[in-house]
Amino acid sequence: MPIVVNARTGATSPRGGQRSATTGWRVGLNLNRSLTGSPHTGHWLTTTREQAHHSGSVFSISSVELWTGLHLVGIGDLGEARESLLQANQLQELWGSAPTATSWARGLLAYHQVLTGEAAGARVTLGEAPAAEEESDGANLWRRAHAELLLGDGRAEEALAAAELMGRTALHVLHPD
């Protein structure tokens, strides 16, 4: 599927700009915008949020709130990030998503809670651990928050074991060094 990039906004879309029934693909394709510090991130998230609400898709709304929260954590706006991450987590719980699917929202919200000193809340948010053999990014987001909690508790060996598990289950992610 060809991807088209709008030179003015940096937005991308498949098939020459046709609107998708769901914005989930847009969120995934544009995550790099946030991670690379693009000046278009805020505009893109606002546009994508509007489209998600227009579509009425719980998945789309949850996805855009999840990535908005990640972006806001990345730029240090922890107050606003909390609201987005809470909404993503609540939507997934209400929707009845499986634990593997909710590991994204649970992991990111728990990581936010670790950053803001809410360790007890982070433990509750994490809930059920993903299976050791689970290779999803969501599982590793969960493991990252869990490892941070372990470090905070002075349990460095267990945190290292969690980090090593992340390395074994994220073979598609390679550090540039």
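Quick summary incoming for the structure in this document.

Glancing now at the pattern of salt bridges. Applying the stated criterion to the full structure yields five salt bridges. As a salt-bridge pair, Arg155 and Asp153 come within 3.8 Å of each other at their nearest N and O atoms. Judged by its relative accessible area of 36%, Arg155 is partly exposed. Overlapping salt bridges, with partners in common, bring together Arg123, Asp153, Arg155 and Glu158 in one network.

Residues Val58, Phe59 and Trp95 make up a contiguous nonpolar surface patch of about 290 Å² in total accessible area. Examined against the element boundaries, Val58 turns out to sit in helix H3 (residues 58–74).

Our next topic: the packing of helix H7 (residues 137–152) against helix H8 (residues 156–169). With their axes 8 Å apart at the nearest point, H7 and H8 run at an angle of 165 degrees to one another. By the angle between their directions, the pair H7 and H8 is classed as roughly antiparallel. With respect to the hand of their crossing, H7 and H8 are arranged in left-handed fashion. Note on element contacts: H8 touches H7 through Ala156, Glu158, Ala159, Ala162, Leu165, Met166 and Thr169, opposite Asn140, Arg143, Arg144, Ala147, Leu150 and Leu151.

Here Leu66 lies in helix H3. Under the relative-accessibility criterion, Leu66 is labelled buried at 4%. Taking C-alpha positions, Leu66 is 8.1 Å from Gln87, a pair spaced 21 residues apart along the chain.

What counts, and where the lines are drawn
- Residues numbered from 1 in each chain as written.
- Predicted model: local features only at pLDDT ≥ 70, side-chain atom pairs only at ≥ 80, totals over all residues.
- Heavy atoms only, no water.
- Salt bridge = Lys/Arg side-chain N within 4 Å of Asp/Glu carboxyl O.
- Buried < 20%, exposed > 50% of the residue type's maximum accessible area, 1.4 Å probe, protein only.
- Patch = residues over 30% accessible without salt bridge, like charges linked within 9 Å, V, L, I, M, F, W, Y side chains within 5 Å.
- Areas by Shrake-Rupley, 256 points an atom, 1.4 Å probe, with all protein chains shown as cover.
- Helix = DSSP H or I, 4+ residues; strand = E, 2+ residues; numbered from the N terminus.
- Axes fitted to C-alpha atoms, helices over the stretch in contact; angles between N-to-C directions.
- Parallel < 35°, antiparallel > 145°, perpendicular 65-115°, else oblique.
- Left-handed = near helix turned anticlockwise from the far one by under 90°.
- Contact = heavy atoms within 4.5 Å.

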